[in-house]
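Residue strings, one per chain:
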Amino acid sequence: MKNIFKYFFVGALLLGFASCEEDDGDENITVAVQDAVERGAVLRTIEITQNEVNNEDLEGGLSFTIEEQDVEGGDLLDVVNVYVTYNDNSDGFGDSSNAIEGQEILYQTITAAEFTDGPFGLPRFTITISTEQFLDLTNSTLETIFGRDTFVTRLELVLTDGRVFSSDNAGGIITGGFFNSPFQYVTNIISPIAADAFVGDYMIVNDSAGVLGFNVFEEGGTVTLAQPSGGSSVDRAFDYVYLPDAGVGQAAVPFTMSFVVDSVVIPAGQPTGLQCSSGLRVGPAPDESFGMFDLVDDSSFTIRFTDNYGDGEDPTAVQDCGEAPKTVQATLTKL
């Protein structure tokens, strides 16, 4: 266990270094990514300006700006293919029998010539998919979609030398956190919640422990919920110190969630700031269960998620630090 703590400490130091670099702005991030793409390429997310579909009107959709980076400063870019998949996760609500469900559909192919130079001379492009376009592409309507359903947008980067990069072959250090090149974006179909609901100070209580038997959160600690920058109207986030009882002294990181219908949905692969090798992450519970909330009462709710989340086919397989994933639940009560 002492050896694991040593690994944790190294992970915390690495995170601290990354944070210092990020404070110096996008230019330092660009340099760091260039150093990391000697054998590949990334599509870094610059900004997400919109990412939600409301099941009550045609407002909304997905809009985000990407920046292509490769070892030749963007000259290897050939095309970016944009695919969309509709997932019906709300059995019993709406009739999606005529929809194209669970199948990838090509939405757009963006050629290198359509990109424009960003502030550091690297190619940038803004991808926009409106609610109406999501619906038309998947043969859906407002009457057939419901909260918990999702549209998944996947990017496929094709280089001039024939290599292809996407969410299925990009390493964890690229897809999350510092480099922020996920190649994939999930757009939740939501039922609106009030802007002042589920915000402010909450006391958090661990209902179950995480990896190594440690609590994921400070027991009885206070966290402050707010709508994250660039998040949808149903997204909330708070900063926390992961595994505080481990005594590593790492910096706080964000914990993000979405309030969908009556379930609290945890996005996959959120970095914790600690690692032994590949990085400890949190994500949705492996049994696909959710925390619960009451749309008209924000006084208390639960979150349910996986600690040491892995994105492989076997959700029980050993992940970082030689530890299997743990299903964790916590209760948050408004102060």
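The shown structure was predicted, so the numbers you read here are calculated from the model rather than taken from an experiment.

## What about the overall build of the chain?
And step 1. Helices and strands together make up the secondary structure of the chain, namely four helices and 19 strands.
And step 2. For the chain, buried positions account for 47% of its 335 residues.
And step 3. Within the chain, contacts between residues at least 6 apart in sequence are counted, and of these 67% link residues at least 24 apart.

## Describing the environment of C321
And step 1. Mapped onto the elements, C321 comes out in the loop between strand 18 (300-307) and strand 19 (326-334).
And step 2. Placed 46 residues apart in sequence, C321 and Q275 show a C-alpha to C-alpha distance of 7.4 Å.

## Thoughts on the state of the cysteines
Disulfides are covalent bonds that connect the sulfur atoms of two cysteines.
And step 1. This structure, assessed with the given rule, holds one disulfide.
And step 2. Each disulfide pairs two cysteine sulfurs, and for C276 the partner residue is C321, the sulfurs being separated by 2.0 Å. For the disulfide bridge between C276 and C321, the dihedral angle about the S-S bond is near 100 degrees, and by the sign convention the bridge is right-handed. Of this pair, C276 sits in the loop between strand 15 (270-271) and strand 16 (281-284) while C321 sits in the loop between strand 18 and strand 19, placing them 45 residues apart in sequence.
And step 3. In this structure C276 comes out as buried when scored by relative accessible area, which is 16%.
And step 4. Residue class for C321 comes out buried when judged on its relative accessible area of 15%.

## Here we look at the sheet that holds strand 17 (residues 291-292)
And step 1. With antiparallel pairing, the four strands of this open sheet are ordered in space as 12-13-14-17. Edge positions in the sheet fall to strand 12 (235-240) and strand 17, since each has one partner strand and no second.

## Overview of the packing of aromatic side chains
And step 1. Within the structure shown, the criterion is met by 18 aromatic pairs.
And step 2. With 5.5 Å between their ring centres and 70 degrees between their planes, Y202 and F301 make a pair best called edge-to-face. One end of the pair, Y202, is in strand 10 (residues 200-206); the other, F301, is in strand 18, and 99 residues separate them in sequence. Both residues of the pair, Y202 and F301, count as buried.
And step 3. Within the aromatic cluster, the residues linked to one another by ring pairs are F198, Y202, F259, F293 and F301.

## Notes on unusual backbone geometry
And step 1. Its identity is not glycine, yet F198 carries a phi of approximately 55 degrees, on the positive side.
And step 2. Mapped onto the elements of the fold, F198 is located in the loop between strand 9 (184-190) and strand 10.
And step 3. With a phi angle near 60 degrees, C321 is a residue other than glycine that sits in the positive phi range.

## A word on the sheet that holds strand 15
Backbone-to-backbone hydrogen bonds join strands into a sheet, with any given pair of strands oriented parallel or antiparallel.
And step 1. One open sheet holds the six strands; their spatial order is 11-10-19-18-16-15, and the pairing between them is antiparallel. On the outer flanks of this sheet lie strand 11 (221-225) and strand 15, each paired with one strand and no other.
And step 2. Two strands pair when backbone bridges link them, and strand 10 and strand 11 are joined in this way by five bridges, in the antiparallel orientation. The partner of D201 across the bridge, within strand 11, is T224.

## A word on the confidence of the model for the chain
And step 1. When the pLDDT values of the chain are averaged, the result is 83; 83% of them are 70 or greater.
And step 2. Overall, residues 28-34 carries pLDDT values under 50, and its contacts beyond four positions in sequence, including any with other chains, amount to 19 contacts.
And step 3. Here residues 171-179 is a poorly scored stretch, pLDDT under 50, and it has 18 contacts once near neighbours within four places are set aside; other chains count.

## So, the nonpolar core
And step 1. If you look at the biggest cluster of nonpolar residues, it comprises 38 residues, and the most contacted ones within it are F217, F238, F255, F301 and I303.
And step 2. In terms of residues, this core owes the most to one element, strand 13 (residues 253-260), which gives four residues.
And step 3. Among residues more than four places away in sequence, those in contact with F301 are F198, Y202, L225, M257, F259, V264, M292, F293, A330, T331 and L332.
And step 4. Judged by nonpolar contacts, the second largest core, of 30 residues, contains I110, I127, F165 and F183.

## What about the side chain of T144?
And step 1. With respect to the helices and strands, T144 occurs in the loop between helix 3 (131-137) and strand 7 (150-159).
And step 2. Residue T144 is classed as buried on the basis of its relative accessible area of 14%.
And step 3. A polar atom in the side chain of T144 sits 3.0 Å from the backbone nitrogen of T141.

## Here we look at the pattern of salt bridges
And step 1. Scanning all chains against the criterion turns up six salt bridges.
And step 2. For the salt bridge of E104 with R154, the shortest nitrogen-to-oxygen distance reads 2.6 Å. Placement of E104 in the loop between strand 3 (77-87) and strand 4 (105-111) and of R154 in strand 7 is noted, with a sequence separation of 50 residues between them.
And step 3. The class for R154 is buried, based on a relative accessible area of 14%.
And step 4. A salt bridge links R148 to D262, with the nearest nitrogen and oxygen atoms 2.2 Å apart. On the criterion of sequence distance, the pair formed by R148 in the loop between helix 3 and strand 7 and D262 in the loop between strand 13 and strand 14 (263-265) is long-range, its members being 114 residues apart.
And step 5. Here D262 falls in the partly exposed class, since its relative accessible area comes to 28%.
And step 6. Put simply, R44, E67 and R124 are held in one network by salt bridges that share partners.

Quick notes on the rules
Residues numbered from 1 in each chain as written. Predicted model: local features only at pLDDT ≥ 70, side-chain atom pairs only at ≥ 80, totals over all residues. Heavy atoms only, no water. Helix = DSSP H or I, 4+ residues; strand = E, 2+ residues; numbered from the N terminus. Buried < 20%, exposed > 50% of the residue type's maximum accessible area, 1.4 Å probe, protein only. Contact = heavy atoms within 4.5 Å. Disulfide = S-S within 2.5 Å. Pairing = 2+ DSSP bridges. Phe/Tyr/Trp six-rings, centres within 6.5 Å; stacked < 30°, edge-to-face > 60°. pLDDT = per-residue confidence, 0-100. Core = buried A, V, L, I, M, F, W, Y, C linked by side-chain atoms within 4.5 Å. Polar contact = N/O pair within 3.5 Å; in protein donor to acceptor, adjacent residues only side chain to side chain. Salt bridge = Lys/Arg side-chain N within 4 Å of Asp/Glu carboxyl O.

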